[in-house]
Structure formats: structure tokens, C-alpha cells
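Here is how the chains run, residue by residue.
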Amino acid sequence: MDWSVIATHLPFLMKGLWMSVKLATLVVIFAFPLACLIAVGRISSRSWIRYPSAIFVNTMRSNPLILIVFWFFFLVPIIIGRPVGDFASVMIGFIVFFSAYFTEIIRSGIQSVGRNQIQAGLSTGLTYFQTMRMIVLPQALRNMMPALITECVIVFQGTTIAYVVGLREFLNSTFLITEITLRPAELYTFAAIVYFVVCFAGSSLARQMEKRKVRT
Amino acid sequence: MSDPLVDIRDLSLWYEKFKALDNISTSFTAGKCVVICGPSGSGKSSLLRCVNRLEDFQEGDVYFEGQSLRECPNIASLRSNIGMVFQHFELYPHMTILDNITLAPRHAKGKSKADAEALALTLLERVDIVDQAHKHPAELSGGQQQRAAIARALALEPKLMLFDEPTSALDPEMIVEVLRAMRDLANDGMTMLVVTHEMGFAREVSDEIVFMDEGKIVERKETNDFFSNPHSKRAQDFLDRILMKI
């Protein structure tokens with residue numbers, strides 16, 4: 001074993017890790033608001049809003065991420081008539097794919113707050129919008145926090161898929177270094193430890209929030 | 001006779017194909033406490049929820065102080081004059097009791113924070129739980145929660161109070177404290193519509209009884225008259241069963 005390869009190539013690896021973090025963060029930042037809109041569509045009483053939302057969510061959740069990424073990679077340039085770059089097309093694929101999962105988390109969060117809470121708010125003369133903002137959403141957000149953090153961890157792990165279009169995220173960077181150094185054992189162990197630390201920290205945080213949720 | 005506070009005319013309500021309320025016409029006068037009773041599924045709660053349009057009825061109309069609910073341009077403002085108490089309290093679990101009570105006065109009625117809090121504390125005093133003001137609902141007993149919910153409804157300074165089976169979710173020893181708060185309220189002259197199975201309360205406190213079955217008002221009488229001399233067979237059967245005459 002020669003662990004010095006890691007120290008030698010650390011700057012390059014860290015650049016890859018930064019790319020992974022950047023991808024995951026941007027995906028969450030864009031997918032979450034999009035998911036909020038679709039979630040409201042999912043629970044709408046109007047069928048012409050509800051059905052398209054449901055079709056979107058079920059289509060995305062019934063396909064592998066890698067297929068969605070490929071699909072957008074080849075489709076987006078056709079639609080807009082020019083290449084958009086690896087990063088942008090991967091981002092779009094990720095955002096669309098993960099927004100479906102976030103949608104379901106948000107929807108169940110809103111539905112976890114009883115209909116009677118809405119009625120209680122309305123009965124006191126608050127408007128529907130006030131009731132949503134001051135009564136339903138604060139409770140919904142607290143209820144869905146653990147699931148949201150868990151999903152963020154999954155997004156971070158999902159960014160590894162970006163290697164299929166040649167994006168140099170963390171795992172792909174590790175792979176490139178093994179090609180040069182022929183030290184796969186050390187490098188992949190290092191990568192596993194890094195992924196473990198990040199993801200375990202995330203899921204611990206989620207567990208912590210789960211406990212707090214039960215207590216209240 | 002003065003105009004009724006609530007006037008219900010030809011009211012019908014369907015849930016999908018099921019007709020929950022069948023062409024109901026009746027009215028309620030200010031200052032009276034009326035108990036609505038009847039077997040489960042008879043439409044009592046549905047009728048109550050039509051009075052502040054929490055249920056969207058399909059036919060007929062309800063008038064509150066002469067204002068049609070169907071044509072009301074600002075239903076939220078109308079609802080802010082009607083307090084409602086629910087079976088499962090429906091306090092907001094993420095807020096303190098004080099915040100629960102001041103929310104609507106501040107945001108629906110435009111009261112200042114200081115005024116709303118002063119009012120809330122007076123009301124909590126009245127239902128005897130002023131020491132719980134800064135706790136969250138989950139820290140209170142069921143009876144205390146329901147009294148807090150009554151205070152929340154009273155904070156609207158309502159002209160009418162609706163009670164939807166307010167003691168059905170409570171342990172027996174807690175029912176008394178809630179009924180006592182309701183009795184005091186009735187004695188102070190509050191107009192109340194109460195859906196309940198508590199016949200002791202009905203007999204002692206209410207002025208009138210409305211008996212419903214299958215979405216219709218079967219019988220409406222002054223309280224003493226209803227208990228001593230129920231007119232319809234269905235009301236007799238209901239009373240026998242609920243008072244456990246065998």
C-alpha cells in the first residue's frame with residue numbers, strides 16, 4: 001500500500017469533490033422550489049393540474065437516473081438547437097429527476113398536517129393563504145425535514161452519475177488518478193471514506209431531526 | 001320578535017352522491033344556547049359546519065345577521081365573528097397557547113400584539129388555565145387543551161359560538177371541566193350551537209333541543225319539553241338509548 005498517492009493528487013481530488021458538492025447544492029436549490037410547485041399541483045382539486053403533475057412524478061420515479069441524464073444530454077441540444085455543455089445538461093437531468101422525489105416528500109409533508117388544522121385556521125377568519133403560511137407550512141416543513149435531508153444525501157451520491165458524460169466530479173476524478181497511478185485500492189478506499197463521512201453526517205442529522213419531531 | 005342571528009333556508013348538502021342535509025330550514029336567535037343531537041351520521045356536524053361555510057353546501061342558503069353566506073364577498077371576515085370549537089381541539093401544535101389565541105385577533109382582526117395578548121390572558125383566566133399560557137399544546141391535558149381552544153374561539157369576540165362534539169375526545173374526568181366552561185359561557189348570554197351527546201349538559205344548560213336524523217330536523221323543542229315529552233318515535237328511541245333506559 002502506498003498512501004502517498006492521495007497526498008500527491010489531493011488538489012485534483014479536492015477539485016472533483018468541490019464539483020460534486022457544487023452539483024448537489026445547485027440541484028437541491030433548483031429542484032426544491034420546482035418540487036414545491038409540482039407538489040401543490042399534486043394535491044390540487046383541479047384535475048387538469050393534478051394529472052400532469054402525477055404523470056410527471058410517476059414517470060421520473062419509474063426510470064433510472066442514468067437514463068434520465070442520457071435522455072436530457074441528447075435531447076436538450078436538439079430542442080434548443082445548439083450544444084449546452086456537459087455541466088448544464090447534467091444539471092437539467094438531475095434537477096428534473098430529483099424534483100420528482102422532492103415533490104413526494106413535500107406532498108406527504110403537507111398532507112401530514114390534518115385537514116382539520118386548515119379548517120381551524122379558516123374558522124377563525126384567517127384567509128386560505130394565511131392559514132397555509134402560518135399554520136400548515138411550518139408544521140409541514142418540520143415534519144418533512146428528516147426526509148428532505150435524507151434526499152439531499154441521495155442527491156450527493158447521485159452526482160456520481162455525472163461521470164457518464166465525462167464530468168469530473170469526485171468519483172470520476174478518483175478514477176482518472178487510478179489510471180495514472182495504478183493505485184486503485186488506496187484511492188477507492190479514500191473515496192469511500194470521504195463519501196461515508198459526508199453521507200453519514202447527513203443521515204445522522206436527519207435522525208436527530210426525526211427524534212425531535214417525535215418529541216413535539 | 002327580533003331578527004334571527006342565523007337563518008337557514010332550504011339547505012341541502014351532498015358528499016358525492018350521499019345527501020347529508022336534506023332541505024333544512026330553521027333559525028337561531030341571539031342569546032340562546034341550542035343543543036343539536038341525534039344518532040351518528042344524522043347530519044349534526046354538517047349542519048354546524050354550514051353555519052360558517054366550512055362545508056360548501058350545494059342548495060339553499062344560510063344568513064348570518066341577514067348576510068347571505070352564499071353571496072358573501074368576504075367569507076373570512078364573516079367567519080371572524082363566529083367562534084368554533086372542534087372535537088379534537090385543533091390547537092396549532094407549533095405555537096404556544098398564547099400564540100394560538102392571539103393569531104387570529106392579530107392577523108384576521110388587525111389587533112395589536114399587546115391588545116391581543118391582554119385579551120388572551122383575560123380569556124385564559126376565564127377558562128382557568130392562565131398558568132399554561134406559555135406552554136405548547138402537547139404539554140397540556142386534553143381538558144386543558146379544549147379549554148384553550150374555547151379561549152381561542154372567544155378571542156374573536158364572536159357573536160356566535162359553534163361547538164362540534166367538544167367533549168367526545170376527552171376522558172370522563174376532563175369532560176366536566178370543559179362543560180363547566182361552556183355552561184358559564186351560556187350563563188353569560190353567549191349565543192351557542194352545540195353538537196353533543198352530553199344529555200346532562202343539554203338538559204341543564206340549553207334552552208332548546210334540535211333533534212336530527214337522516215339529514216333532517218325531526219324535532220325541535222324547548223329543552224324541558226323535549227326531555228319530558230319527545231314527540232317523535234325516533235327521538236324517544238334515541239333518548240331511551242342514550243339515557244340507558246332498557
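Everything numeric here is computed off the predicted structure, so don't read it as measured data. (Residues numbered from 1 in each chain as written. Chains lettered and ligands numbered in written order. Predicted model: local features only at pLDDT ≥ 70, side-chain atom pairs only at ≥ 80, totals over all residues.)

**Some remarks on helix α4 (residues 65-80) of chain A**
Residue and element names in this part refer to chain A.
And step 1. Its 16 residues place the ends of α4 22 Å apart at the C-alpha level, agreeing with the 22 Å of an ideal helix rising 1.5 Å per residue.
And step 2. The sharpest bend along α4 measures roughly 25 degrees and falls at F74, with the proline P77 sitting one to four residues further on.
And step 3. Those residues of α4 not exposed but buried are I68, V69 and F72.
And step 4. Considering only its buried residues, α4 is in contact with α3 (47-61) and α5 (86-112).
And step 5. Just downstream of α4 lies G81, where phi reads positive at about 80 degrees. (Helix = DSSP H or I, 4+ residues; strand = E, 2+ residues; numbered from the N terminus. Expected span 1.5 Å × (residues − 1). Bend = angle between axes of the 7 residues up to and from the residue. Buried ≥ 20, exposed ≤ 12 C-beta atoms within 10 Å, placed from the backbone. Contact = placed C-beta atoms within 7 Å.)

**A few points about the sheet that holds strand β7 (residues 160-164) of chain B**
Residues and elements named next belong to chain B.
And step 1. Here we have six strands laid out as an open sheet, ordered β6-β7-β8-β3-β9-β10, and mixed in their pairing. Two strands lie at the open edges of the sheet, namely β6 (82-85) and β10 (216-222), each paired on one side alone. Taking the axes of each pair of neighbouring strands and ignoring which way they run, one obtains an average angle of 15 degrees across the sheet.
And step 2. Sheet analysis places strand β3 (residues 33-37) next to strand β9 (residues 208-213), joined by four bridges and oriented parallel. Its bridge partner being in β9, I36 is matched across the sheet by V210. (Pairing = 2+ DSSP bridges. Axes fitted to C-alpha atoms, helices over the stretch in contact; angles between N-to-C directions.)

**Points about the interface of chain B and chain A**
And step 1. Contacts between chain B and chain A engage 20 residues on the former and 17 residues on the latter.
And step 2. At the level of secondary structure, the elements contributing two or more residues to the side of chain B that touches chain A comprise α2 (75-79) and α3 (97-107) of chain B.
And step 3. In terms of residue class, the side of chain B that touches chain A is made up of 11 nonpolar, six polar and three charged. (Nonpolar A, V, L, I, M, F, W, Y, C, P; charged D, E, K, R; others polar.)

**Notes on unusual backbone geometry**
Excluding glycine, residues mostly have negative phi values, and the peptide bonds linking residues are mostly trans.
All names here are of chain B.
And step 1. Phi at R53 is positive, roughly 55 degrees, even though this residue is not glycine.
And step 2. Tracing the backbone through its elements, the reader meets R53 in the loop between α1 (44-51) and β4 (59-64).
And step 3. At E165, a residue that is not glycine, the phi angle is positive and equals roughly 45 degrees.
And step 4. Looking at the secondary structure, you find E165 in the loop between β7 and α6 (172-187).

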